[in-house]
Amino acid sequence: MKAFAGLALLHLMGSVLRAVASRERLVEALRSPSSALLALGLLGASALGGAGLVLASALLVCARLTPRPPSQRSERLPWLALAALAVVALARPWVPVYWDEFVWLGKARLESLGFGAGVSAALDPSWHLVPPGYPPLWPLAVGWVSLGDDGVDVHVAASALLATLCAATALEAWWPRLEDAAGPRSRWVTAAVLASAPLALVHLRSGYVDLPVGLLGVAVFGFLVTERLPLACAAAVVLAGAKDEGLAHVLAATAGAIAVHGVRSRVLQWVSPALLGVISVVTWRWLLHARGVEVHDHALDAPLWSWSGTFAGLLARHALDAWSWGLCWPVALASLTQRPWRAEVRGLRWALGVNLVLMAGALVSGPERVRVFAESGTLVNRLLVQVWPLGALLVWFALSAPRPARATGGHDALPVSPGGPTAP
Amino acid sequence: MSHPHLVTSESIVIDGPNGVTGAPRAGFPDGGRSLGLGLGAGLLVMVLLRTRAPRWVLALLLAGGAMPGLAALGWLRADAPHRRAALAASVTAGLDDLARLSPGPVARTLSIRDDGDVLFPLARYLWPARLDADGGVQVDRRGSSLTTACRAEPSGLVVHCGAAP
């Protein structure tokens, strides 16, 4: 129960902050799952101490000044489906049972020593945290939602609730567009897509951060597409603070949003989440450098181009493993051969492409140890989990696409997409 | 299919989220079959998207493709619902045994040996931060079983956990 109370408190804090910063009605903010992210982002920046001041200020400025509709809440969210998702995430052993879950939740335990203790430990090489130098926000968040309790069951529940929050945020970000595209069918299509990738279900219940990262990535994208910039900024700060790959997801989401909207005079506003992501990463890396903490796993080196082919092969073999992915990736890839019937589809392709390129770049230019992980089967599926929300949206739009017209070979009445008509 | 299923608690700890089965670590023994299935399905979907076939056919294909994986999650794996209690019990027993050395999260323990993938994460949960300090308990962890069976040497300064040295 403590974790539920912790999440409720976080949500209340975020809603109040949102009402003050974005001048929304408090009741509107309370009915929006993403409100908690503003609190998480600001708490994360505060935990960094004085160094986090720039990040916190930039987040508040973005929440206050970037354009937004009068209400940022998504209407008619499928709350029942979200409750079902929470049940799925929570119906698991209330002890850690997967390798990295022990490591993530172990770091969350440190927060029971006091606010920001996880950051102090990560920045002190003599505390020997493993792996060194990882961004601290996710374990901090688990600790905060646990309200400082050091119980293993509380940590597992907090982690599952945070994963559910990320799923709810992603759904909130995209729901207006999904309803617009499929109407009343959208609920059934969403259920079919969610159940189509067994490994994603494992991760929803796992305490790993890969799925939350992917979900927050599509949330940033969705909020940008629907022009709710304050929410995109809050999600971007949490995303970049949760994992090093987070920044790649923010950049990919930005590229996707620009592909949807086109390059307009307001493009500078749309890159504000990416700017916040960069500030978050630069702040953390500067702190690590100042305290002499080396990041072994995510250091960049001279690219080993000859490994690119190996990576492509590994990616194909993992994506086509029907036990883990069903037919999700074959369907997503097949949908790429279709003409994009909405501007969002074009944006999703860009976001997925940019993500895969950055992922390949990080591995090709990363340390040898990471490539060994990839070849031994412990990494590539987790990277695919990170981009699965983008793939799932591609599958979603493929399932919702209008059938080709009988006589002309064109499409039945194409809906008008938010970025204007799709390219011929 | 000859995929190694994750049927033991230890295999779930090590590889549970790396795949629904142990195929990724085993180098995809059925890679050719998966490739054929994936390519066939992809081609079929391309055709379906270009015809006036109802979209529920696509949804049916998607659901059918997910069935083997969902069956493995629901029945075969050691974290399937009916085996969950046993998995939790084995992890809890291991955590409790190690916690008797030091409850953590900040511990003065020194890992003098750690050759098992399974006990490593348990110890990392219990002692995420390990201070550089003399006088702590030296822990020797061996083997790839969740059975910790920690036993101290007469001096009490060195504790062996896992398989016998």
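Residues numbered from 1 in each chain as written. Chains lettered and ligands numbered in written order. Predicted model: local features only at pLDDT ≥ 70, side-chain atom pairs only at ≥ 80, totals over all residues.

### Regarding the overall build of chain B
- The secondary structure content of chain B amounts to 5 helices and 6 strands.
- Written out in order from the N terminus, the α and β elements of chain B read α-α-α-α-β-β-α-β-β-β-β.
- In summary, chain B has a C-alpha radius of gyration of 23 Å against a globular reference of 15 Å for 165 residues, an excess of more than 25%.
- Across its three principal directions, the C-alpha atoms of chain B cover 75 × 30 × 25 Å.
- Per-residue burial over chain B gives 39% buried out of 165 residues.
- Look at the contacts in chain B between residues 6 or more apart in sequence, and 57% of them connect residues 24 or more apart. (Helix = DSSP H or I, 4+ residues; strand = E, 2+ residues; numbered from the N terminus. Rg over C-alpha atoms; globule rule 2.2 N^0.38 Å. Buried ≥ 20, exposed ≤ 12 C-beta atoms within 10 Å, placed from the backbone. Contact = placed C-beta atoms within 7 Å.)

### Here we look at the environment of leucine 336 of chain A
- By the element assignment, leucine 336 of chain A lies in the loop between helix 19 (328–335) and helix 20 (343–364).
- Along the primary structure leucine 336 of chain A and arginine 346 of chain A are separated by 10 residues, whereas in three dimensions their C-alpha atoms are 9.3 Å apart.

### A short note on the interface of chain B and chain A
- Of the residues lining the interface, 57 residues belong to chain B; the matching set on chain A comes to 57 residues.
- Breaking the side of chain B that touches chain A down by element, the ones donating at least two residues are helix 1 (9–15), helix 2 (31–50), helix 3 (55–76), helix 4 (84–99), helix 5 (119–126) and strand 3 (129–130) of chain B.
- Broken down by element, the residue count for the side of chain B that touches chain A peaks at 13 residues, all from helix 3 of chain B.
- Residue classes in the side of chain B that touches chain A are distributed as 35 nonpolar, 13 polar and 9 charged. (Nonpolar A, V, L, I, M, F, W, Y, C, P; charged D, E, K, R; others polar.)

### Here's the deal with the nonpolar core
All names here are of chain A.
- Formed by 186 residues in total, the largest nonpolar core has its most connected members in Leu59, Val220, Ala235 and Ala236.
- With 19 residues, the single largest contributor to this core is helix 9 (residues 152–182).
- Leave out the neighbours within four places in its chain, and leucine 59 touches Gly41, Leu42, Ala45, Cys233, Ala234, Val237 and Leu276. (Core = buried A, V, L, I, M, F, W, Y, C linked by C-beta atoms within 7 Å.)

### Topic: helix 10 (residues 186–194) of chain A
- Along helix 10 of chain A, the residues that are buried comprise Ser186, Val189, Thr190, Ala192 and Val193 of chain A. Along the axis of helix 10 of chain A, the buried positions cluster into a sector of 165°, meaning they face one direction only.
- Summarising the contacts, the buried residues of helix 10 of chain A are in contact with helix 9 and helix 22 (380–400) of chain A together with helix 3 of chain B. (Arc of directions from axis to C-beta.)

### Quick word on the confidence of the model for chain B
All names here are of chain B.
- Across chain B, the average pLDDT comes to 86, with 95% of residues at or above 70.
- Looking at the elements of chain B, mean pLDDT is at its lowest for strand 2 (residues 109–114), recorded as 76, and at its highest for helix 1, recorded as 94.
- Interface scoring of the predicted complex returns ipTM 0.91; its pTM is 0.93. (pLDDT = per-residue confidence, 0-100.)

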